[in-house]
Amino acid sequence: MSSIFKVFNLKKSFQIKDKRIDVLKGINLEIEEGKITFILGPSGAGKSTLLHILGTLDSPTEGEVLFKGTRLHSLDDKSKSRWRNENIGFIFQSHYLLNEFLAYENVMLPHLFLTKNFFKSKKKSFELLDSLSLSDRVFHKPNELSGGEQQRVAIARALINDPEVILADEPTGNLDSKNSDMVMQIFKRINRESGKTFLIITHNEELIKYGDRVIKLVDGVIENS
Amino acid sequence: MNYSFFIAVKHLFGARKTFFGYIVTAISIGGVFIGVAALIVVLSVMNGFQKDVKERIVDVNSHIIILKYFNEPIDDYKSIKDSLKEFDDIVSITPFIYSKGLIQFENWTNGVIIRGFSNEDSVTYGIMKKHLKFGKFPQKDDELILGVDLAEELRVHTGDVVRIATPFGSTETFGSLIPKVSEFTVSGIFDAGMYQYNAELVYIPLRKASEIFGLSGKVTGLEIRIKDIYKAPQVAKRIEKKLGYPYRTNNWIELNGSLFAALALEKKIMFLLLLLVIIVAAFNIITTLIMVVMEKTTQIGILKTLGLSERDILRVYIYQGLIINIIGTISGLIVGLFLCFLLSKYKFIDLPGEVYLLDKLPVDVQFLDVIFVLILTSIVSIVSTLYPAYKASKMDPVKAIKYE
């Protein structure tokens, strides 16, 4: 199996007033294509920062990230945005749905950005919501949905452009165990059916049973994998 | 549908965190609305004022006047009339007598401008007939018509006999002039629509004027009306060239140049003052958009994770400014034009004629002014969106999504 992400000597520091905080301290990593990989670690270990850098939401202070051979952080803003839109589906701990948009509108947005076709995007978002058993929720606003439903809408939004990678930052952090299991089952099913790569951040060790690989990140360095 | 526009509409009119958000949006739309409506109404009233004053001036005064140097009387005006036959622009040529005198009725006196005109002069006759408010036109030599304000000052009515004293043609006694006094019956009272004319002008028959001013058949000058009043300076120049010395011409534009320059300046100043309303509206737009950017920090971050570029975000906020501008401008335009219509149709405001020359508010909506207001408002609105839009586009998505 080939690596979809290759990370070389990745460092990230933040400057707060005159104090420099090193969050990632030289990470070397390969993420295999088509696998579910968990990044496990205590809070403050740099998990989210790593995920943001892999998703080009943040830039490294030093080091390189390759996505199928492309040096991501040498791309300009427009290319990075386009790359994110086509290749990455983000899922966060908080559902981060847009409150002024209906459920189906939230789902269709990435597809609308890509195709600029409102009706096509609408149709696809309906199909996806249906596949996630949310067909009766398409015209609801996010605040009218339960926590589990909100997260499923967020999953639908992450999947609509059929991205190669799903980057999930504590996707079950706000859910009870029943909904957490349901979300992980969905991930597993998608991974099995479409071969998408999942990179999931969690501090919940119970979830790692759903993964193919676990990377432990402690204090900005990888402990073992 | 353009996705940036779709998001812009949702951000502006979708669910807001506070009701205050809606009020701020309404205020910015209202700001543009008031600015545009006020500009359109005020500019149209200024145009109307200018047009009305112009029309009244050229109505009573003619377009071009032929005089002799040193205001010598003209005796061969018929030959002048003949020599100007080749001018296609000329509608009418009329001899007139113009001088000053004193008018008296019982204990009331006033200085007046006396104009002698011919009853055969159909153009002047037509115009004065239009303005005649009471009575009729002079039928006999000892009848006159005068302006309403003058009539009011003298307390005269039609049928009253007034006396006019002129310094000309009188006998010299002991080295001083004795004014010549003639009696006239007031046959009519006119309202020319301009206080200056209504308070000063007296029309008497040409023959009588010639007699009391001792002109013995001569006239002061010739009044010319032309097809295109705005060509008056050029036509006047050609006439002057044709007639040569000792004739000279005046035209209405030249005679009232300072008045029109003042009106034009006034319009410019009003425009600049009202531009301030638009600038305040622009600040409202900036405030609204900054509020939206602050409210939507997380959303901007999410949109970036979904693949919107900085340029797309910039566009979202420029669209929001444009939406505010378009709604404000269109509603301002409609209400402004409607107000202009109402002002032209109904007399809402009574203007004191002594102060404003005119007694009601005239309106003239000029297409170019409206277009100019629309373009200017749009430019100001677009410029006002740039800073908030730029700030939103440069928002760090990581910080934005951590913000919540």
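Residues numbered from 1 in each chain as written. Chains lettered and ligands numbered in written order. Predicted model: local features only at pLDDT ≥ 70, side-chain atom pairs only at ≥ 80, totals over all residues.

The name recorded for chain B in an unreviewed UniProt entry is Lipoprotein releasing system, transmembrane protein, LolC/E family, from candidate division TA06 bacterium 34_109. Its UniProt record gives chain B a comment under Subcellular location (unreviewed entry), which states: "Cell membrane". (UniProt positions renumbered as here; feature names shortened; annotations may be inferred.)

The name given to chain A in an unreviewed UniProt entry is Lipoprotein-releasing system ATP-binding protein LolD, with candidate division TA06 bacterium 34_109 as the source organism. Quoted verbatim from the Sequence similarities (unreviewed entry) field of UniProt, the annotation for chain A is "Belongs to the ABC transporter superfamily."

Here we take up the overall build of chain B. From N to C terminus, chain B includes 15 helices and twelve strands. Taken over C-alpha atoms, the radius of gyration comes to 32 Å for chain B, far larger than the 22 Å a tight globule of 404 residues would show. When its C-alpha atoms are laid out on the principal axes, chain B stretches across 105 × 50 × 40 Å. Of the contacts formed within chain B by residues at least 6 apart in sequence, a portion of 82% connects residues at least 24 apart. (Helix = DSSP H or I, 4+ residues; strand = E, 2+ residues; numbered from the N terminus. Rg over C-alpha atoms; globule rule 2.2 N^0.38 Å. Contact = placed C-beta atoms within 7 Å.)

Here the focus is the pairing of strand β6 (residues 161-166) of chain B. All names here are of chain B. Two elements, strand β2 (residues 90-105) and β6, share three bridges in a ladder whose sense is antiparallel. Its bridge partner being in β6, Q104 is matched across the sheet by R163. Sheet analysis places β6 next to strand β9 (residues 180-190), joined by six bridges and oriented antiparallel. Bridged to I164 within β9 is S182. (Pairing = 2+ DSSP bridges.)

What follows deals with unusual backbone geometry. The phi torsion at N9(A) lies on the positive side, around 45°, for a residue other than glycine. Mapped onto the elements, N9(A) comes out in strand β1 (residues 3-16). Owing to 13 C-beta atoms within 10 Å, N9(A) belongs among the partly exposed residues under this scheme. The backbone phi angle of R155(B) is positive, close to 60°, even though this residue is not glycine. Topologically, R155(B) is positioned in the loop between α5 (148-154) and β6. (Buried ≥ 20, exposed ≤ 12 C-beta atoms within 10 Å, placed from the backbone.)

This brings us to the interface of chain B and chain A. How big an interface is tends to be reported as the loss of accessible area on association of its parts. Taken residue by residue, the interface counts 19 residues in chain B and 23 residues in chain A. Of all the elements in the fold, those that place two or more residues in the side of chain B that touches chain A are α1 (3-13), α11 (297-305), α12 (310-345) and α15 (397-403) of chain B. Here the residues of the side of chain B that touches chain A sort into nine nonpolar, six polar and four charged. (Nonpolar A, V, L, I, M, F, W, Y, C, P; charged D, E, K, R; others polar.)

Across soluble globular proteins, you tend to see nonpolar side chains buried next to one another. Among the nonpolar cores identified, the biggest contains 160 residues, and V107(A), L167(A), L199(A), L146(B) and V202(B) are the most heavily contacted of them. If one sorts the elements of this core by residue count, helix α2 (residues 19-60) of chain B sits on top with 17 residues. No fewer than three residues from each of domain 1 (3-57 + 259-403) and domain 2 (73-245) of chain B sit in this core. For V107(A), the contacting residues outside a window of four places in its chain are S125(A), L128(A), L129(A), V153(A), A156(A), R157(A) and I160(A). (Core = buried A, V, L, I, M, F, W, Y, C linked by C-beta atoms within 7 Å. Domains from an automatic or database assignment.)

Attention now goes to the domain arrangement of chain B. As far as domains go, chain B holds domain 1 (3-57 + 259-403) and domain 2 (73-245). Each of domain 1 of chain B and domain 2 of chain B has a C-alpha centre, and these two points are 52 Å apart.

This part is about the sheet that holds β1(A). Residues and elements named next belong to chain A. Spatially, four strands are ordered β2-β1-β4-β5 in an open sheet, and the strand pairing comes out antiparallel. Strand pairing shows two members of the sheet lacking a second neighbour, β2 (19-32) and β5 (70-71), which therefore form its edges. The pairing of β1 with strand β4 (residues 62-67) spans five bridges and is antiparallel. Residue pairing across strands places K6 opposite L66, the latter belonging to β4.

Residues and elements named next belong to chain A. In spatial order, the strands read β6-β7-β8-β3-β9-β10; together these six strands make up an open sheet with mixed pairing. Both edges of this open sheet fall to β6 (88-91) and β10 (221-222), since each of them pairs with a single strand only. Pairing between β6 and strand β7 (residues 165-169): four bridges, direction parallel. In the strand pairing of β7, I88 is matched with V165. Relative to the sheet, helix α5 (residues 147-159) contacts β6 and β7, its axis offset from that of β6 by approximately 165°. (Axes fitted to C-alpha atoms, helices over the stretch in contact; angles between N-to-C directions.)

Residue and element names in this part refer to chain B. Those places that UniProt annotates as "transmembrane region" (unreviewed entry) correspond, in this numbering, to residues 20-46, 269-294, 317-344 and 365-387. The straight-line gap between the two end C-alpha atoms of residues 20-46 is 38 Å; of that span, 100% is helix and 0% is strand. Structurally, residues 365-387 comprises 91% helix and 0% strand, and the distance from its first C-alpha atom to its last is 35 Å.

Time to look at the packing of α2(B) against helix α14 (residues 367-393) of chain B. All names here are of chain B. For the pair α2 and α14, the least separation of the axes is 10 Å and the interaxial angle reads 150°. Viewed along their axes, α2 and α14 adopt a mutual orientation that is roughly antiparallel. Along this stretch, α2 crosses α14, giving a crossing that reads as right-handed. When α2 is examined against α14, the residues V32, G35, V36, L39, I40, L43 and N47 are found in contact with a partner set consisting of D369, V370, V373, T377 and S381. In terms of residue class, the contact of α2 with α14 is made up of seven nonpolar, four polar and one charged. (Parallel < 35°, antiparallel > 145°, perpendicular 65-115°, else oblique. Left-handed = near helix turned anticlockwise from the far one by under 90°.)

Another point: the pairing of strand β10 (residues 201-205) of chain B. All names here are of chain B. Burial analysis of β10 places five of its five residues in the buried class, which makes it a mostly covered element. As judged from the five bridges shared by strand β3 (residues 108-117) and β10, these two strands associate in the parallel manner. Each residue of the ladder has a partner; that of G116, found in β10, is I204. Bridge analysis of strand β5 (residues 143-147) against β10 gives two bridges, and the strand direction is antiparallel.

Residues and elements named next belong to chain A. Judged by how many residues are buried, helix α1 (residues 47-54) sits mostly within the fold: eight of eight residues are covered. Of all the residues in α1, the buried ones are K47, S48, T49, L50, L51, H52, I53 and L54. Once α1 ends, the next one or two residues include T56, with phi positive near 60°.

What follows is about the packing of α1(B) against α12(B). Residues and elements named next belong to chain B. Their axes nearest at 8 Å, the elements α1 and α12 cross at an angle of 55°. In terms of orientation, α1 lies oblique with respect to α12. Relative to α12, the crossing made by α1 is right-handed. Listed contacts from α12 to S4, F5, I7, A8, V9, H11 and L12 of α1 are D312, R315, V316, Y319, Q320 and I323. Looking at side-chain class alone, the contact of α1 with α12 contains eight nonpolar, three polar and two charged residues.

This part is about the environment of G135(B). All names here are of chain B. Turning to its location among the elements, G135 is positioned in strand β4 (residues 132-135). When the C-alpha positions of G135 and F348 are compared, they lie 29 Å apart, and in sequence the two are 213 residues distant. Excluding anything up to four places from it in sequence, G135 contacts T158, S187, G188 and I189.

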